[in-house]
Amino acid sequence: MTEMPQSGDKAPDFTLPFGPGETVSLSSLRGRPVVLAFYPADFSPVCSDQMALYQAVKSEFDRYDAQLFGISVDGVWCHRAFADSRNLRFPLLSDFEPKGEVSRAYGSYDAELGESLRNLFVIDASGTVFWSFASPNGVNPGADGILSALEAMSGGDAS
């Protein structure tokens, strides 16, 4: 398995769908921070809680102009149903085909289970990994680490 990119590493670029006929590329977001939250599966209990927490604190991410993405190997229609059922208003990216390609590039794929690992990345405005965290799969990593990284990256002033 590919190693997780660490602080100071160039973040692997990607283009992934977030809806039918809609894609986003990491490189198109240069100039602002990006948060990547890899997670195993839509509708699983821990993933549901994790994504709901991110929605609840999304205004805190917005203070840093950070673009948040959830990423799993589920398809765009599954993501749509999951987002609608949990009232998620941030993009869920589908790493479905080729399955787990982006997750693999980020050292965040479990080939045995065929799903993404629960890993987090904060990428700076230049496309460099500022912070990363590998969470145990059954544990919601929360948002504190992400928010601390965004705060540190901004020089400590989020106003």
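Rules used throughout
- Residues numbered from 1 in each chain as written.
- Predicted model: local features only at pLDDT ≥ 70, side-chain atom pairs only at ≥ 80, totals over all residues.
- Heavy atoms only, no water.
- Salt bridge = Lys/Arg side-chain N within 4 Å of Asp/Glu carboxyl O.
- Helix = DSSP H or I, 4+ residues; strand = E, 2+ residues; numbered from the N terminus.
- Buried < 20%, exposed > 50% of the residue type's maximum accessible area, 1.4 Å probe, protein only.
- 1 Å grid on protein atoms, 1.4 Å probe; cavity = no way out; pocket = protein on both sides within 12 Å on 5 of 7 lines; lining within 4 Å.
- Points joined across faces, edges and corners; volume = space filled by probe spheres on them.
- Nonpolar A, V, L, I, M, F, W, Y, C, P; charged D, E, K, R; others polar.
- Core = buried A, V, L, I, M, F, W, Y, C linked by side-chain atoms within 4.5 Å.
- Contact = heavy atoms within 4.5 Å.
- Arc of directions from axis to C-beta.
- Phe/Tyr/Trp six-rings, centres within 6.5 Å; stacked < 30°, edge-to-face > 60°.

Colleague: Would you mind showing me how to read the pattern of salt bridges here?
Modeller: Note on pairing: side chains with opposite charge can pair once their charged atoms come close. According to the stated counting rule, one finds four salt bridges in the structure shown. Here Arg32 ties to Asp65 by a salt bridge, and the two come within 3.3 Å at their closest N and O atoms. Taken together, the positions of Arg32 in the loop between β2 (22–25) and β3 (34–38) and Asp65 in the loop between α2 (58–63) and β4 (67–72) put the pair 33 residues apart, joining distant regions of the chain. For Asp65, a relative accessible area of 43% corresponds to the partly exposed category. Residues Arg63 and Glu60 are paired through a salt bridge, measuring 2.6 Å at the closest nitrogen-oxygen approach. Note that Arg63 and Glu60 are positioned in helix α2 at a spacing of three residues, about one turn of the helix. On the accessibility criterion, Glu60 (30% relative accessible area) is partly exposed.

Colleague: How should the layout of surface pockets be read in this particular structure?
Modeller: Over the atoms rolls a probe the size of a water molecule, and in doing so it shows where empty space is left. Considering only enclosed or pocket space, the largest pocket measures out at about 150 Å³ in volume. Phe18, Glu22, Val76, His79, Arg80, Ala83, Asp84, Leu88, Arg89, Phe90, Pro91 and Leu92 are the residues that line the largest pocket. Of the residues forming the lining of the largest pocket, the biggest block, five residues, is contributed by helix α3 (residues 76–86). Here the residues of the lining of the largest pocket sort into seven nonpolar, one polar and four charged.

Colleague: I keep staring at the nonpolar core and nothing clicks. Help me out?
Modeller: When a protein is soluble and globular, its nonpolar side chains tend to lie buried together. Ranked by internal contacts, the top residues of the largest apolar core, which has 23 residues, are Met51, Tyr54, Phe61, Leu92, Ile146 and Leu150. Of all the elements in the fold, those that place two or more residues in this core are β3, α1 (45–56), α3, β8 (119–123) and α5 (144–153). When residues in this core are grouped by element, the largest group, four residues, is from α5. Residue contacts for Met51: discarding those within four places in its chain leaves Ala37, Tyr39, Gly70, Phe82, Leu88, Phe90 and Leu92. Counting residues in hydrophobic clusters, the runner-up holds 18 residues, among them Met4, Phe14, Leu36 and Val129.

Colleague: How should I be thinking about the environment of Gly127 in this particular structure?
Modeller: Tracing the chain through its elements places Gly127 in the loop between β8 and β9 (129–134). Beyond its immediate sequence surroundings of up to four residues, Gly127 is in contact with Lys10, Ala11 and Arg30.

Colleague: I'm lost on α3 in this one. Help?
Modeller: Every buried residue of α3 is accounted for by Val76, His79, Phe82 and Ala83. Down the axis of α3, the buried side of the element spans an arc of 120°, and every buried residue falls inside it. Within α3, the exposed residues directed more than 90 degrees away from the buried face are Trp77 and Asp84. Where α3 is buried, its residues touch β1 (15–19), α1, β4 and β5 (92–94). After α3 finishes, the residue Asn87 shows a positive phi value of roughly 55°.

Colleague: Mind showing me how you'd approach unusual backbone geometry here?
Modeller: With glycine set apart, most residues show a phi of negative sign, and most peptide bonds adopt trans. At the junction of Glu97 and Pro98, the peptide bond is cis and its omega measures out at -10° in the coordinates. The phi dihedral of Asp65 is positive, around 55°, even though this residue is not glycine.

Colleague: What should I look at first to understand the packing of aromatic side chains in this one?
Modeller: Note on aromatic pairs: each is described by the distance of the centres and the angle between the planes. Enumeration over the complete set of coordinates arrives at eight aromatic pairs. Arranged with centres 6.3 Å apart and planes meeting at 75°, the rings of Phe14 and Tyr106 form a pair that is edge-to-face. Taken together, the positions of Phe14 in the segment before β1 and Tyr106 in the loop between α4 (101–105) and β6 (109–110) put the pair 92 residues apart, joining distant regions of the chain. Accessibility classification places Phe14 together with Tyr106 in one group, the buried group. Measuring from ring centre to ring centre gives 5.0 Å for Tyr106 and Phe121, while their planes differ by 70°; the resulting arrangement is edge-to-face. Of this pair, Tyr106 sits in the loop between α4 and β6 while Phe121 is found in strand β8, placing the two residues 15 residues apart along the sequence. Each of the two residues, Tyr106 as well as Phe121, counts as buried. Among the aromatic residues, those joined into a ring-pair cluster are Phe14, Phe38, Tyr106 and Phe121.

Purely geometric stuff here, so don't read any function into it on its own.
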